[in-house]
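Chain residues, written in single-letter form:
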Amino acid sequence: MLQSLIAEIKEYKKPSILASLYMVFEVMFEISIPFIMATLLDKGVQKGDMTTVLTYGLLMLVFAFLSLFCGMQSARYGAFASAGFAKNLRKAIFKKIQTFSFENIDSFSSGGLVTRMMTDVTNVQNSYQMVIRICVRAPLNLIFAIVASYLINPQMASIFIGITIFLGLVLGVITKIVYPLFTKVFDAYDNLNNSIQENITNMRVVKSYVKEEEETVKFKKASRLIYNMFMKAIRIVILSSPAMMLSLYASFILISWIGAQLIVGGSFTTGELTSMFAYVMTILMSLMMFMM
């Protein structure tokens, strides 16, 4: 199955690679900015050295624009590659359906085939774009941010490890519960598409036998089923938000508390503390990207 999907990338392999490569550079530039900011605050702002402030400030600006440029290029190539992949996939599915015998066609509902070519392919397209962009960005962000925090202060970085493990477990449990619910939605989509197709194809029959009200109830029932299934999944997914906020504020409190003690002891600086706050946001957002 996976090999069949990969085979449809075809001429869009180069844009896919470029999207991932630009994403790597974006992460590198983005992670470097808090490092530069720490130096700017400690050696420039606190000592009143305007030359250092201007030098490192300009360097931060350059890195920010480079990160923005790489992010734009990654999004551009990612969108192009995923749209082309979806085009090839729909074409391959349509050709495959044309080879079906009447027995094969009877074993699949028309609504199911429409769902495969439209909704399912769109989901595969979005997933592929996330694979070549987000699935590259999230782990690199997580790894680089933890490594950078360790280079600044290993004791403070241990806070990130604990928070990361806690939030990772919470998001893992939520994903395990929600994934089967989203999987069942596709069967409900088949029923909805079948209802729509039957009403359009047999419109004259429905009107002749005065079945409008019955078909309306049937359509509403299929729509309500999809709504209920989505709402059930979303009620669980939204638990990730309070878990995220709990992890975020717990990190801020621990970093502020331990950081203040280290600053008083002279083994930590204000600039390094500021960088730690930036890295904790990066780490937590990376985990949320993983969940998506």
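Just so it is clear, the model here is predicted, and its values are computed rather than measured. (Residues numbered from 1 in each chain as written. Predicted model: local features only at pLDDT ≥ 70, side-chain atom pairs only at ≥ 80, totals over all residues. Heavy atoms only, no water.)

## A few points about the packing of aromatic side chains
Then comes step 1: On inspection of all chains with the given rule, the structure shows seven aromatic pairs.
Then comes step 2: For the pair tyrosine 22 and tyrosine 77, a centre-to-centre distance of 6.0 Å together with 5 degrees between the ring planes defines the contact as stacked. With tyrosine 22 in helix 2 (residues 13-45) and tyrosine 77 in helix 3 (residues 50-98), this residue pair connects regions lying 55 residues apart in the sequence.
Then comes step 3: Judged by centre distance (5.4 Å) and plane angle (80 degrees), the rings of phenylalanine 29 and phenylalanine 63 are edge-to-face. Taken together, the positions of phenylalanine 29 in helix 2 and phenylalanine 63 in helix 3 put the pair 34 residues apart, joining distant regions of the chain.
Then comes step 4: Members of the aromatic cluster, each reached through a chain of ring pairs, are Tyr22, Phe69 and Tyr77.
Then comes step 5: The aromatic ring of tyrosine 77 is capped on one face by arginine 76, whose charged end is 4.8 Å from the ring centroid. (Phe/Tyr/Trp six-rings, centres within 6.5 Å; stacked < 30°, edge-to-face > 60°. Helix = DSSP H or I, 4+ residues; strand = E, 2+ residues; numbered from the N terminus. Lys NZ or Arg CZ within 6 Å of the ring centre and 35° of its normal.)

## Let's talk about unusual backbone geometry
Then comes step 1: Its identity is not glycine, yet lysine 10 carries a phi of approximately 50 degrees, on the positive side.
Then comes step 2: Examined against the element boundaries, lysine 10 turns out to sit in the loop between helix 1 (2-7) and helix 2.
Then comes step 3: Residue lysine 10 is classed as partly exposed on the basis of its relative accessible area of 47%. (Buried < 20%, exposed > 50% of the residue type's maximum accessible area, 1.4 Å probe, protein only.)

## Section: helix 10 (residues 240-265)
Then comes step 1: Along its 26 residues, helix 10 runs 37 Å from first to last C-alpha, staying within 8% of the 38 Å computed at 1.5 Å per residue.
Then comes step 2: Those residues of helix 10 that sit buried are Ser240, Ala243, Met244, Ser247, Leu248, Ser251, Ile255, Ile258, Gly259 and Leu262.
Then comes step 3: Of the residues one or two after helix 10, glycine 266 is the one with positive phi, at around 85 degrees. (Expected span 1.5 Å × (residues − 1).)

## Concerning the pattern of salt bridges
Then comes step 1: The tally for this structure, following the rule as stated, stands at three salt bridges.
Then comes step 2: For the salt bridge of glutamate 26 with arginine 137, the shortest nitrogen-to-oxygen distance reads 3.0 Å. Here glutamate 26, found in helix 2, pairs with arginine 137, found in helix 6 (residues 134-152); they are 111 residues apart in sequence, far enough to count as distant. In this structure, glutamate 26 and arginine 137 share a single accessibility class: buried.
Then comes step 3: We note a salt bridge from arginine 137 to glutamate 30, for which the minimum N-O separation is 2.8 Å. Here glutamate 30 lies in helix 2 and arginine 137 lies in helix 6, a separation of 107 residues in the sequence. (Salt bridge = Lys/Arg side-chain N within 4 Å of Asp/Glu carboxyl O.)

## Brief notes about the packing of helix 2 against helix 3
Then comes step 1: Two elements in contact, helix 2 and helix 3, have axes separated by 7 Å at closest approach and are oriented at 165 degrees. Taken together, the axes of helix 2 and helix 3 are roughly antiparallel relative to one another. The interaxial crossing formed by helix 2 with helix 3 has left-handed handedness.
Then comes step 2: Counted by class, the contact of helix 2 with helix 3 contains 24 nonpolar, 11 polar and three charged residues. (Axes fitted to C-alpha atoms, helices over the stretch in contact; angles between N-to-C directions. Parallel < 35°, antiparallel > 145°, perpendicular 65-115°, else oblique. Left-handed = near helix turned anticlockwise from the far one by under 90°. Nonpolar A, V, L, I, M, F, W, Y, C, P; charged D, E, K, R; others polar.)

## Some remarks on a nonpolar patch on the surface
Then comes step 1: Among the surface-exposed residues, Leu58, Leu61, Val62, Phe65, Leu66, Leu68 and Met72 lie close enough to one another that they form a single nonpolar patch of about 670 Å² accessible area.
Then comes step 2: Structurally, the position occupied by phenylalanine 65 is in helix 3.
Then comes step 3: With relative accessibility at 54%, the residue phenylalanine 65 sits in the exposed group. (Patch = residues over 30% accessible without salt bridge, like charges linked within 9 Å, V, L, I, M, F, W, Y side chains within 5 Å. Areas by Shrake-Rupley, 256 points an atom, 1.4 Å probe, with all protein chains shown as cover.)

## Here we look at helix 6
In an α-helix there are 3.6 residues to a turn, and that puts residues three or four apart on one side.
Then comes step 1: Taking 1.5 Å of rise per residue, the 19 residues of helix 6 would be expected to cover 27 Å, and the 26 Å separating its terminal C-alpha atoms lies within 8% of that figure.
Then comes step 2: Buried residues of helix 6: Val136, Arg137, Ala138, Leu140, Asn141, Leu142, Ala145, Ile146, Ala148, Ser149 and Ile152, and no others.

## Details of the confidence of the model for the protein chain
Then comes step 1: Scored by pLDDT, the protein chain has a mean of 81; 91% of the residues are at 70 or more.
Then comes step 2: Looking over the protein chain, one finds the lowest element-wise mean pLDDT in helix 4 (residues 102-107), namely 66, and the highest in helix 3, namely 88. (pLDDT = per-residue confidence, 0-100.)

## Thoughts on the nonpolar core
Then comes step 1: Membership of the largest hydrophobic core comes to 31 residues, with the highest contact counts inside it found for Met156 and Ile255.
Then comes step 2: The set of elements that each furnish at least two residues to this core consists of helix 2, helix 6, helix 7 (154-201), helix 10 and helix 11 (270-291).
Then comes step 3: Ranked by the residues each element gives to this core, the list is headed by helix 11, at eight residues.
Then comes step 4: In contact with methionine 156, not counting residues within four places along its chain, are Ile255, Ile258, Gly259, Leu262, Phe268, Leu273 and Met276. (Core = buried A, V, L, I, M, F, W, Y, C linked by side-chain atoms within 4.5 Å. Contact = heavy atoms within 4.5 Å.)

## Looking at the side chain of arginine 137
Then comes step 1: With a relative accessible area of 11%, arginine 137 lands in the buried category.
Then comes step 2: Polar contacts involving the side chain of arginine 137 include one to the side chain of glutamate 26, which spans 3.0 Å.
Then comes step 3: When neighbours within four sequence positions are excluded, arginine 137 is seen to be in contact with Met23, Glu26, Val27, Glu30 and Met289. (Polar contact = N/O pair within 3.5 Å; in protein donor to acceptor, adjacent residues only side chain to side chain.)

## Overview of the environment of leucine 113
Then comes step 1: Within the element layout of this structure, leucine 113 appears in helix 5 (residues 110-132).
Then comes step 2: In this structure leucine 113 comes out as buried when scored by relative accessible area, which is 16%.
Then comes step 3: For leucine 113 and phenylalanine 277, which are 164 residues apart along the polypeptide, the C-alpha to C-alpha distance reads 50 Å.

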